[in-house]
Amino acid sequence: ENTLSSVFEFHAEERAVGDRHVVLVLEKVPLQHVRAPGIRRDAAARARAHEDQLDGLEPLHLCLSALQKSLLNRSGMLTVYLHSETNLVIEVDNRFVVPETLRAFDRVLSDLLRLGQVMGDAGRPWLSIVPGPVQSLFPDGARRAALQLSGR
């Protein structure tokens, strides 16, 4: 079963005392399911493979869509990072609107992996690959919490 809780871990912190801000890191993001441009296959095999890849992106699509629409994000108090299984760290701007369809979401992620960023309005990137490690995203002394499927 591929539920959101079995795919992602959650990390949160407050930036400073009195500064209410949550940094959320979605762990083990399955970027291997993003369409790789330039692979030659016959049309039927390409369609089957692409559908399987899209199924692998669905939990990320649903989770990121819900986070971006949340009141916490719309109030500017949420920062989301994606951390892939291959140790790639992606910053998600709080104004990024997750595409409605999985195919469009896949195209955006494919562009991100190819270009290193996806630009939004006013010349500000909506998605960008940032230097890791993930621990560098949290300020010193920040409180952290992690949620896992096992409950530990």
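Everything discussed here concerns the structure shown above.
On a predicted model such as this, the values are computed, not experimentally measured, just so you know. (Residues numbered from 1 in each chain as written. Predicted model: local features only at pLDDT ≥ 70, side-chain atom pairs only at ≥ 80, totals over all residues. Heavy atoms only, no water.)

> Before we go on, may I ask you to explain the overall build of the chain in this structure?
Assigned secondary structure in the chain consists of four helices and seven strands. Listed N to C, the secondary structure of the chain is α-β-β-α-α-β-β-α-β-β-β in terms of helices and strands. Sequence-distant contacts in the chain: of pairs separated by 6 or more residues, those separated by 24 or more amount to 63%. Carbon and sulfur atoms make up 53% of the accessible area of the chain, which totals about 9000 Å². (Helix = DSSP H or I, 4+ residues; strand = E, 2+ residues; numbered from the N terminus. Contact = heavy atoms within 4.5 Å. Areas by Shrake-Rupley, 256 points an atom, 1.4 Å probe, with all protein chains shown as cover.)

> Please explain the pattern of salt bridges as it appears in this structure.
Close approach of charged atoms allows side chains with opposite charge to pair. Following the criterion strictly, the structure yields three salt bridges and no others. Between D93 and R95 there is a salt bridge, and its shortest N-O distance comes to 3.4 Å. Note on R95: relative accessible area 35%, which makes it partly exposed. As a salt-bridge pair, R124 and D93 come within 3.0 Å of each other at their nearest N and O atoms. With R124 in the loop between β5 (117-119) and β6 (125-130) and D93 in the loop between β4 (89-92) and α4 (102-115), this residue pair connects regions lying 31 residues apart in the sequence. Its relative accessible area of 8% is what places D93 among the buried residues. Via salt bridges that share partners, D93, R95 and R124 belong to a single interconnected network. (Salt bridge = Lys/Arg side-chain N within 4 Å of Asp/Glu carboxyl O. Buried < 20%, exposed > 50% of the residue type's maximum accessible area, 1.4 Å probe, protein only.)

Purely spatial values, then, with no claim about function.
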